[in-house]
Amino acid sequence: MFFALFRKAYRDVTKRRVRSLLTLLGILIGVGGVVAIVSTGQNLARAQQAAYANASQADITFWVWNAPASLPRALSEIENVRAAELRVDFFTRCRWDNGAGDVNLHGVADFENMRVDQIFLRAGRFPKEGEVVIEQSALETMPLHFGNTLTCRGSNGEADRTFTLVGAIQTPNYPSASLLDYATMYAPSQDVIRLLGAVGSNGLRVKVNDIAVASDTAREISQLLDRRNIQHGAPTIRDPENFLGKRELDALLAVLAIFSIVGLITSGFLVANTLAAIVTEQVSEIGTLKALGGTRGQVMLVFLMSALVYGIIGTSLGLLVGAFASWRLMLFIGSLLNLSIDFQVSPLGIALGALVGIGVTLLAGMIPAYSATRIPVKRALDSYGITPTYGAGRLDRALQKIVALPPLAAMSVRNLARRKSRALVTMLVIGVAVATSLAAQAVSASVDTAIDDLFRTYRADAWVWFGEYVGDNMRAALTSVKGVERAEAWSLQNAWVSTDAKRETRSERARIWGLPANTELYIPNLQQGRWYNAGASDEAVISTDLVESLNLRLGDTIQVDTGDDLRTFRIVGITIDNSVFLGSDVAGKVFIPETVVAKMEGREGWATFFAAGFSQHDVEGVEAQLDAISQKFRRYQMGSDSAVREVKGAKEQTRILTIALTAMSVLIGVIGALGVVNTITLNVLERRREIGVLRSIGASDANVMQAFLTEGLAFGIGGWLIGIVLGFPLGLLLTRVMEVVLFHLNYVFTPQMVLISLGFALFITVGASLIPALAAARMKVKEVLRYE
């Protein structure tokens, strides 16, 4: 019996080819989304771990000054050190025949024997003296080719140096140039040292055997550097639980997962609508089956079998499409994160896709299948497609009173009440599509607004830093440059922050910001408490995300371990400042007086990092001002960055999220369009006699098309109203999910978004209505009036 019912269901599905195809497409999109997201998440996490393992990513990084080539050999004597290598890092600007750009240049002593932060040659060869290789993604953003000559600006009054581009490399240590807004290049160490005007290296990379005791190892390395009188900064220790872009990837996958669930629910509406139509078409068969003694369970099983067939076929296709989509998505994200992707189909993704696809389809089929069991035998045998109660309900009577529209349009609107359930489900499908469109707009706007707001907190137009300690009187020297209105000595470094609040010891990596108590270049967005006082040595202000990570509150104490010093601070203020972006492995920020940080680092009266406020704030003005500062302080190893560039980089890093949100809203919009096509196609089939009557009294092709296009328009307006109701909470949910993973977000929902969503709703409904409307216009009078 089971196989007989299955064969009947399969024949019913294949007999209605257009309708079945539309339904299967909806299931395919929902299942494909689940498979793509789960597979992408698992494969990217595996690819990141494999890439960092293969590239031997540095566990401990130090800034040093003029470190001798013999230093790694001395470090190898420390028990936990597996490998140590020197680098020469220099951020500069290079020009070539048809352009110029910012370059992060790294000097390597021996390219063939790199053991830490390895790079992989993808084209050309490794550089010799006077040559460079470029990170491969930069070739897509800069008009460079092998053999081109680059002239890079020197520091410390050194002359510019010329390099020849000879190769392209890949490294998982840096993301794509399109995200960074600068190129990453590698050259022999001696060439970069000459650009710096130094005599040794300024970067130390260390790989350890046991990352759990990396802090102790970093302390031993600091002591060795002190004994050798090598100037150095605080160590940066890698968090093994985080990798480049992990936060952003987690946010992306979380949002895509929610959209996939919404897509599956929408697909379920589509299945329910299709099966309800089948029930309507087969009312006489239901009556016959019951008259012959068929039970309710048997009637229900007949239609659940159709749902099962839809589920099996749609899910099978969805699994294939999802695997392909996962592969393409991984290639795209992998290219942005500089990962080599070894694609593997995720068994978990396949299992979830199959379970959810078939499960949602069967659940969606329960309602129309159950409604089929409730049809009395007499009504089923007498039915001819329109319920005898039409016109008796309140909605029917209300629609019949419409007089403001032309007769044909008014008739089309009234026709919505003839199949109330079908019309409601169709509007719900459109409403979900509109809601996802609104949510996507709201999330993108919320993220962009948050980035703009975060950087408005920083009144500095730019930051400059030096490769050696300078007196803090450099502030006055900076303000002596025309156009520089203010300058302050700041500092920033990563440290471990711990607390034993509520008798539970917790620790997180945080970014320590040393700012003057009377700063004019930072305006805290305080949520609780106050800013620390001048002269205070034990007061700190922390960011809201660190509060959540460590479960802190105003008045609690925290311990800050920089690797060189351990101090206790009392929380006197909580501020919103979560401006840490791609590649960050910190849980939040701690603000303490710059003078206290200087004491912790043993550099009282000295600084390397300064914030500056300019008289001009536009891109050209800021860049010109930085060039003027660079020219005046050429004898120092100076680097710089602008707030404008930081904002641009932060927004570029969220581009993946924007693309994904747009893609998912379009896919769900396609499901909504399929629902409209399905519903109006059914309406055309049911009203063939009415179309014939209209034709016989002189209705033109345009009149027939207008009738069904008006129905589509009505579906669009109804779905849009439902979408507004659903869109606001859906967008709020997505924003809160992203807030947990990324940073604090104020929810943005504007009237412009509502208007755009109206255009979106009308576009998909009227566009989708064209297909069945054209089919209705082609019907011949003789054929439709003979239809039984």
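Residues numbered from 1 in each chain as written. Predicted model: local features only at pLDDT ≥ 70, side-chain atom pairs only at ≥ 80, totals over all residues. Heavy atoms only, no water.

Draft legend 1. Summary view of the pairing of strand 12 (residues 484-499). Sheet topology places strand 12 next to strand 19 (residues 606-614); 6 bridges connect them, and they run antiparallel. Within strand 19, the residue paired with glutamate 488 across the bridge is alanine 611. Strand direction decides the pairing type here: strand 12 and strand 13 (residues 506-515), joined by 9 bridges, are antiparallel. Along strand 13, the bridge assignment pairs threonine 499 with arginine 506. Summarising the sheet, strand 12 and strand 16 (residues 557-561) pair through 3 bridges and their orientation is antiparallel. Along strand 16, the bridge assignment pairs serine 498 with glutamine 559. (Pairing = 2+ DSSP bridges. Helix = DSSP H or I, 4+ residues; strand = E, 2+ residues; numbered from the N terminus.)

Draft legend 2. Representation of the state of the cysteines within the structure. Summed over the entire model, instances satisfying the criterion amount to 1 disulfide. Here cysteine 94 is linked by a disulfide to cysteine 152, with a sulfur-sulfur distance of 2.0 Å. Handedness of the cysteine 94-cysteine 152 disulfide follows from its S-S torsion of about 105°: it is right-handed. Placement of the pair is cysteine 94 in strand 2 (residues 81-96) and cysteine 152 in strand 6 (residues 149-152), with a sequence separation of 58 residues. By the burial criterion, cysteine 94 is buried, and cysteine 152 matches it. (Disulfide = S-S within 2.5 Å. Buried < 20%, exposed > 50% of the residue type's maximum accessible area, 1.4 Å probe, protein only.)

Draft legend 3. Local environment of the packing of aromatic side chains. Considering all chains together, one arrives at 18 aromatic pairs under this definition. Grouped by ring-pair contacts, the aromatic residues Tyr458, Trp463, Trp490, Trp513, Tyr522, Trp531, Tyr532 and Phe591 constitute a single cluster. (Phe/Tyr/Trp six-rings, centres within 6.5 Å; stacked < 30°, edge-to-face > 60°.)

Draft legend 4. Seen up close, helix 18 (residues 594-601). If you check which residues of helix 18 are buried, you get Glu594, Val596, Val597, Ala598 and Met600. Looking at the packing, one finds that the buried side of helix 18 touches strand 12, strand 13, strand 16, strand 17 (566-575) and strand 18 (589-593). (Contact = heavy atoms within 4.5 Å.)

Draft legend 5. How the structure looks around a nonpolar patch on the surface. There is a patch of nonpolar side chains on the surface, built from Phe324, Trp327 and Leu331 and spanning about 280 Å² of accessible area. Secondary-structure assignment places tryptophan 327 in helix 10 (residues 296-337). Take tryptophan 327: its relative accessible area is 32%, and that puts it in the partly exposed class. (Patch = residues over 30% accessible without salt bridge, like charges linked within 9 Å, V, L, I, M, F, W, Y side chains within 5 Å. Areas by Shrake-Rupley, 256 points an atom, 1.4 Å probe, with all protein chains shown as cover. Salt bridge = Lys/Arg side-chain N within 4 Å of Asp/Glu carboxyl O.)

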